[in-house]
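# Report on the structure
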Amino acid sequence: MTPARHRLPGTEAAPPAGTGPPATTREAGHRAGVPLYGPEFAADPHDLYDRLRRHYGEVAPVELAPGVHAWLVLGYYAALEVLRSPHLYSKDPRTWRALACGEVPADSSVIPMMGYRPNALFSDPPAHDRYRQAIADSLARIDDHVLHTSVARTADRLIASFASRGRADLLIEYAAVLPVLTVNALFGQADDAGPRLVAALAKMFEGGEDAIEGDRLFTRYMIDLIASKRDRPGPDVTSWLMAHPARLSDEEMIHQCTLLIAASAEPVQNLIGNALRLLLADDRFAGDLSGGIMSIEAALEQVLWQEPPMANYAVHYPRRDLVLRGATLRAGDPVVVSLAAANIDPALNPAASRAGNRAHLAFSAGPHACPAKDPARRIATIAIERLLDTLSDVRLTVPATDLQWRMGPFQRALTALPVHFTPVHPPAIGDPTWTPSPLPPAPSASTPPAPTSTARPPASAPPDRPRGWNFRAAFRRGR
Ligand code: HEM
């Protein structure tokens, strides 16, 4: 008899732990997928990954939304096999069988994250090579100093908008907005366009009539962006993309820029949010395991290993019927890589996630691996440094265990990060009346926004935090 603790949510009679169904029956199991949505999964995804692994092995049948079936790859090496085999797996959602035949409705909640658009993420060669090269070459031209000053200035402005209050929601008022404003700046748009982009995306996330208005504002932003850069190119990502030998059309430009916004804002928001949670809640960050101090970079890597911002994504579609680690995949079945589960695969050496090892899959791997790992880390590091430097005694307002996670299969994202601190009055930065409206938490299965800016840090800016600086330790030292 199957013990109750071995039953998986959504299955009537899951097999006992450690055995798993015979490989030949695993195709039928695809119809009885375990839900990757709902409060139970959001509250403790690791528990579900663990039970899926014990019951099914490295590849398990799941449901991404009611009636949306997929395979979830939980094994690290199985994940690498999928990610590095473009000859076996397509990234093009137009090959998704259930969507093509109408079994999955075109308005399903997963479509914003999985539906086709002519961009790098959803393309195979030769289109992918062309888009990817243009994006990678343009991102490579971002000057590290410009990025630093831009993020620091944006961070300071946002902090100034709540610092005197003594409390804030760091997710809604900070982590969700900073990446959007940063992308606005990297795109070469004026500062005043940033709040417009934030507002457009906020409306899009709200749904209903607001979403239509948001969509209109977002389209306007994109058209203005492309038109202004065709007229007056500058030292910015938009102009570099335009000038690239790939010779992208205006329509292709809009799709790649939209991808850059979507692909950056949500993951960076989640990285900042999840790392702040770790820093504020975990005493190990008051001193590392060897009794020293652990840097913000180390906290970020720990999050990338254990709570990667995109928990389950990198969707692939088998080009033909295949057997993967005992699971029979049919051509056009969605195969979702659990970047989160793969990172904690027991087959990996437990020391793998120690500081210095960046072999995690948070940024994926293979030809579609994130082309912005370094800027993403930089943005998050600077954002957290500026915050903790300014609000040195910041504390969670609720116990860490009470923090809520957004529902949905793809992201690992908090809904809010309420904190309190001693009110401070940071020096005026730019226009003191400038306060972009914060983005509300995005719906669980939607596509998000992007970041901004260019400038010098305020004269009074604290010096760069030395590696190994720890805000709690510094606070205790009375800094
Ligand atoms: C912590 C932050 C980030 C994380 C965790 C992250 C993660 C990922 C992952 C997992 C993928 C692969 C998705 C898939 O195959 O379906 C990806 C792709 C991509 N990311 Fe990131 N990303 C981050 C930040 C950024 C930023 C800041 C940008 C741009 C400025 C960016 C641009 C892209 C693009 C363009 C792709 C598609 C690449 C391709 O398909 O060839 N990402 N990212």
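For the structure, see preceding data.
The structure reproduced in this document is the subject of the present report. (Residues numbered from 1 in each chain as written. Predicted model: local features only at pLDDT ≥ 70, side-chain atom pairs only at ≥ 80, totals over all residues. Heavy atoms only, no water.)

## Quick notes on helix H14 (residues 250-281)
- In this model, H14 (32 residues) spans 46 Å end to end at C-alpha, consistent with the 46 Å of a helix rising 1.5 Å per residue.
- Burial of H14 is extensive: 25 of the 32 residues sit out of reach of the surface. (Helix = DSSP H or I, 4+ residues; strand = E, 2+ residues; numbered from the N terminus. Expected span 1.5 Å × (residues − 1). Buried < 20%, exposed > 50% of the residue type's maximum accessible area, 1.4 Å probe, protein only.)

## Let's talk about the site of the ligand
- Lining the immediate surroundings of the ligand are 26 residues, of which Lys91, His128, Arg132, His368 and Cys370 lie closest.
- Interatomic distance of 3.5 Å between a backbone N/O atom of Ala120 and an oxygen atom of the ligand.
- One of the backbone N or O atoms of Ala314 is found 3.3 Å from an oxygen atom in the ligand.
- If you list the elements that add at least two residues to the shell around the ligand, you get helix H7 (127-140), H14 and strand S6 (312-318).
- Looking at the shell around the ligand, the element that brings in the most residues is H14, giving seven residues. (Near = heavy atom within 4 Å. Polar contact = N/O pair within 3.5 Å; in protein donor to acceptor, adjacent residues only side chain to side chain.)

## Concerning the coordination of the iron atom of the ligand
- Coordination of the iron atom of the ligand by the protein involves just one donor, Cys370 (SG), at a distance of 2.4 Å.
- Tracing the sequence through the fold places Cys370 in the loop between helix H16 (339-343) and helix H17 (373-390). (Donors = N, O, S within 2.8 Å, 3.2 Å for Na, K, Ca; no water.)

## A few points about the sheet that holds strand S5 (residues 167-169)
- On the basis of which strands lie adjacent, the open sheet formed by three strands has the order S5-S11-S10 and antiparallel pairing. The open sheet has two edge strands with one neighbour each: S5 and strand S10 (395-396).
- Where S10 lies against strand S11 (residues 418-420), two bridges are found, and the strand directions are antiparallel. Note that in S11 the partner of Arg395 across the bridge is His420. (Pairing = 2+ DSSP bridges.)

## Quick look at the packing of H14 against helix H15 (residues 296-306)
- Their axes nearest at 9 Å, the elements H14 and H15 cross at an angle of 110°. One element, H14, and the other, H15, form an angle in the roughly perpendicular class. Between H14 and H15 the crossing geometry is right-handed. Listed contacts from H15 to Leu271, Asn274, Ala275, Leu278 and Leu279 of H14 are Ile296, Ala299, Leu300, Gln302, Val303 and Leu304. (Axes fitted to C-alpha atoms, helices over the stretch in contact; angles between N-to-C directions. Parallel < 35°, antiparallel > 145°, perpendicular 65-115°, else oblique. Left-handed = near helix turned anticlockwise from the far one by under 90°. Contact = heavy atoms within 4.5 Å.)

## Regarding the packing of aromatic side chains
- Under the definition given, this model contains six aromatic pairs.
- Here Phe41 and Tyr49 contribute two aromatic rings whose centre-to-centre distance is 5.9 Å and whose plane-to-plane angle is 75°, an arrangement assigned as edge-to-face.
- Between Phe162 and Tyr174, the ring centres sit 6.3 Å apart and the planes meet at 85°, which makes this aromatic pair edge-to-face. With Phe162 in helix H8 (residues 144-162) and Tyr174 in helix H9 (residues 171-175), this residue pair connects regions lying twelve residues apart in the sequence. Residue Phe162 shares its accessibility class with Tyr174, and that shared class is buried.
- Among the aromatic side chains, those forming a connected cluster through ring pairs are Phe162, Tyr174 and Phe421.
- Positioned above the aromatic ring of Tyr116 is the side chain of Arg94, whose terminal nitrogen or guanidinium carbon lies 3.8 Å from the ring centre.
- The ring of Trp405 has Arg412 lying over it, and the distance from NZ or CZ to the ring centre is 3.6 Å. (Phe/Tyr/Trp six-rings, centres within 6.5 Å; stacked < 30°, edge-to-face > 60°. Lys NZ or Arg CZ within 6 Å of the ring centre and 35° of its normal.)

## A look at the pattern of salt bridges
- If you walk through the whole model with that rule in mind, you get 24 salt bridges.
- Notably, a salt bridge pairs Glu58 with Arg325, separated by 2.9 Å at the nearest N-O pair. Within this pair, whereas Glu58 is found in the loop between helix H3 (45-56) and strand S2 (59-65), its partner Arg325 is found in the loop between strand S7 (322-324) and strand S8 (327-329), the two being separated by 267 residues in sequence.
- By relative accessible area, which is 24% here, Glu58 ends up partly exposed.
- A relative accessible area of 32% places Arg325 in the partly exposed class.
- A salt bridge links Arg319 to Asp124; the nearest nitrogen and oxygen atoms lie 3.6 Å apart. Highlighted residues: Arg319 in the loop between S6 and S7 and Asp124 in the loop between helix H6 (111-114) and H7, separated in sequence by 195 residues.
- Among the charged side chains, a salt-bridge network with shared partners connects Glu40, Asp47 and Arg51. (Salt bridge = Lys/Arg side-chain N within 4 Å of Asp/Glu carboxyl O.)

## Topic: the pairing of strand S3 (residues 68-73)
- Along S3, six of the six residues are buried, which leaves the element largely enclosed by surrounding structure.
- Judged by which residues are buried, S3 turns out to be covered on both faces: Val68, Ala70 and Leu72 on one side and His69, Trp71 and Val73 on the other are all buried.
- Sheet topology places S2 next to S3; six bridges connect them, and they run antiparallel. Residue pairing in the sheet places Glu63 in a bridge with His69 of S3.
- Linking S2 to S3, which pair antiparallel, is a turn of two residues; within it Gly67 sits at a positive phi near 80°.
- Pairing geometry for S3 and strand S9 (residues 335-338), over three bridges, is parallel. Paired with Leu72 across the two strands is Val336, which belongs to S9.

## Brief notes about H8
- With 19 residues, H8 extends 28 Å from end C-alpha to end C-alpha; this agrees with the ideal 27 Å at 1.5 Å per step.
- The buried count for H8 comes to 14 of 19 residues, which makes it a mostly enclosed element.
- Put simply, Asp143 is the residue that caps the front of H8, since its side-chain oxygen is 2.8 Å from the backbone nitrogen of His145.

## Some points on the sheet that holds S3
- Ordered by their spatial adjacency, six strands build an open sheet running S1-S2-S3-S9-S6-S4, and the pairing between neighbours is mixed. Of all strands in the sheet, those with a lone pairing partner are strand S1 (34-35) and strand S4 (89-90), marking the two edges.
- Bridge count for S1 against S2 is two bridges, and the pairing is parallel. Opposite Pro35, over in S2, you have Glu63 as the bridge partner.
- Sheet strands touched by H3: S1, S2, S3, S6 and S9. Its angle to S2, the strand with the most contacts, is close to 135°.
- Its contacts with the sheet put helix H4 (residues 76-83) on S3, S4, S6 and S9, and the angle it makes with S9 is roughly 130°.

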